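The chain contents come next:
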Amino acid sequence: MATDKLGDMRLFTTAATLGSLSAAGRKLGLSPAAASARLMKLEASLQTRLFVRTTRQLRLTDEGRVYLEHCLVALQAIDDGEAALQAGCAAIRGKIRLSASTDFGLHTLTPWLDEFTARYPDVRLSMTLTDSISHLVQDDVDLAIRFSEPDDGALVARRLAPMCRVLCASPEYLARHGEPQTPEALAAHQFIVLVTSSGPLNEFHFRKHEATWQFTVPMAQAWETNDGTLARRWALDGRGIVRKTLWDAADDVRAGRLKILLTDYIAKEPGVYAVRHRTRYMVPRVRALLDFLIERFAQETARWPNVDRCQV
């Protein structure tokens, strides 16, 4: 099969996945005009229309949906063949596409990745930092670090470490407003809420022995942002109580910049996970990174003697 035909197929499948020809072109390094010309060439060679195109929408035709299924199978087979060859020569090189939450990615994962790339200098990284859940196929992600276990059967998750989410605030905030001693006392406090594509994360769950509580932050009274790093900064500035993962809050808690609240009521969570798509072959560079993360999370967890109690 001609190389340009493979390129046209990749453009087609990427456009179908993203729902945009111009976005697919940008991802593959093509101008909008070049992407449009290549798609027209592909449709001409097949003698059929693959998309119905309007100024606002790119929609597959019935023929396009049939062709997409076969293209995905063919391209996956080619990718798997190349990956198998790379595995045979045991080379750790090439690009790894990662996804992680903003705060964790910037303050914890980035220094770790510096260590990893020093160990494997032929590896290149493409990092997506987002506090919304990444779509591994649509966003072309090899590995995503998530603070919950996915419920999608198409994904494979490897548990990396224990995890819990904690409410925390700065000493300055607590000096002004007092420290809540029970979940009910939260009603008198100010909050910083992270907002994702799924909505605001403003529902907090607590557990002590067999009793459970739920507290919902009124959004009209909250500082809100879609950026976990900004939420952390506002908390450090004393704007209110913020909910963070223990991994995000650990350094600030150790340094006394933040204090964890309601420690007797924290509800445990499944853990931190490395997530990948089930159908994607794990090439050596991704396997090397996964092994490195398992090792690095274990080292860091060992520094937390009370991690099972969500304390650092």
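Scroll up for the structure.
Residues numbered from 1 in each chain as written. Predicted model: local features only at pLDDT ≥ 70, side-chain atom pairs only at ≥ 80, totals over all residues. Heavy atoms only, no water.

Enquirer: Any chance you could break down the pairing of strand 4 (residues 123–129) for me, citing the residues and the numbers?
Expert: Strand direction decides the pairing type here: strand 3 (residues 94–100) and strand 4, joined by seven bridges, are parallel. Directly across from Arg 97, in strand 4, lies its bridge partner Ser 126. A crossover connection joins strand 3 to the parallel strand 4 through helix 5 (residues 102–119); in handedness this β-α-β unit is right-handed. (Pairing = 2+ DSSP bridges. Helix = DSSP H or I, 4+ residues; strand = E, 2+ residues; numbered from the N terminus. Right-handed = clockwise from strand over helix to strand, strands pointing away.)

Enquirer: Pulling in residues and values, what's your account of the pattern of salt bridges?
Expert: In the structure shown here, the tally under the stated rule is 17 salt bridges. With a closest N to O distance of 2.7 Å, Arg 38 and Asp 8 form a salt bridge. Of this pair, Arg 38 sits in helix 3 (residues 32–46) while Asp 8 is found in helix 1 (residues 3–18), placing the two residues 30 residues apart along the sequence. You can call Arg 38 partly exposed: its relative accessible area is 26%. Under the relative-accessibility criterion, Asp 8 is labelled buried at 4%. If you follow the salt bridges from partner to partner, you end up with Glu 115, Asp 251, Arg 254, Arg 296 and Glu 300 in one network. (Salt bridge = Lys/Arg side-chain N within 4 Å of Asp/Glu carboxyl O. Buried < 20%, exposed > 50% of the residue type's maximum accessible area, 1.4 Å probe, protein only.)

Enquirer: Lay out the layout of surface pockets with the relevant residues and their values.
Expert: Unoccupied space between atoms shows up once a probe the size of one water molecule is rolled over them. The volume enclosed by the second largest pocket comes to roughly 880 Å³. Lining the second largest pocket we find 37 residues, and of these Asp 131, Arg 165, Leu 194, Thr 196 and Leu 201 sit closest to its centre. Of all elements in the fold, only strand 3, strand 5 (143–146), strand 8 (191–196), strand 9 (199–200), strand 10 (203–208), helix 7 (228–236), strand 13 (241–245) and strand 15 (269–277) reach the threshold of two or more residues within the lining of the second largest pocket. Class assignment of the residues belonging to the lining of the second largest pocket gives a composition of 14 nonpolar, 14 polar and nine charged. (1 Å grid on protein atoms, 1.4 Å probe; cavity = no way out; pocket = protein on both sides within 12 Å on 5 of 7 lines; lining within 4 Å. Points joined across faces, edges and corners; volume = space filled by probe spheres on them. Nonpolar A, V, L, I, M, F, W, Y, C, P; charged D, E, K, R; others polar.)

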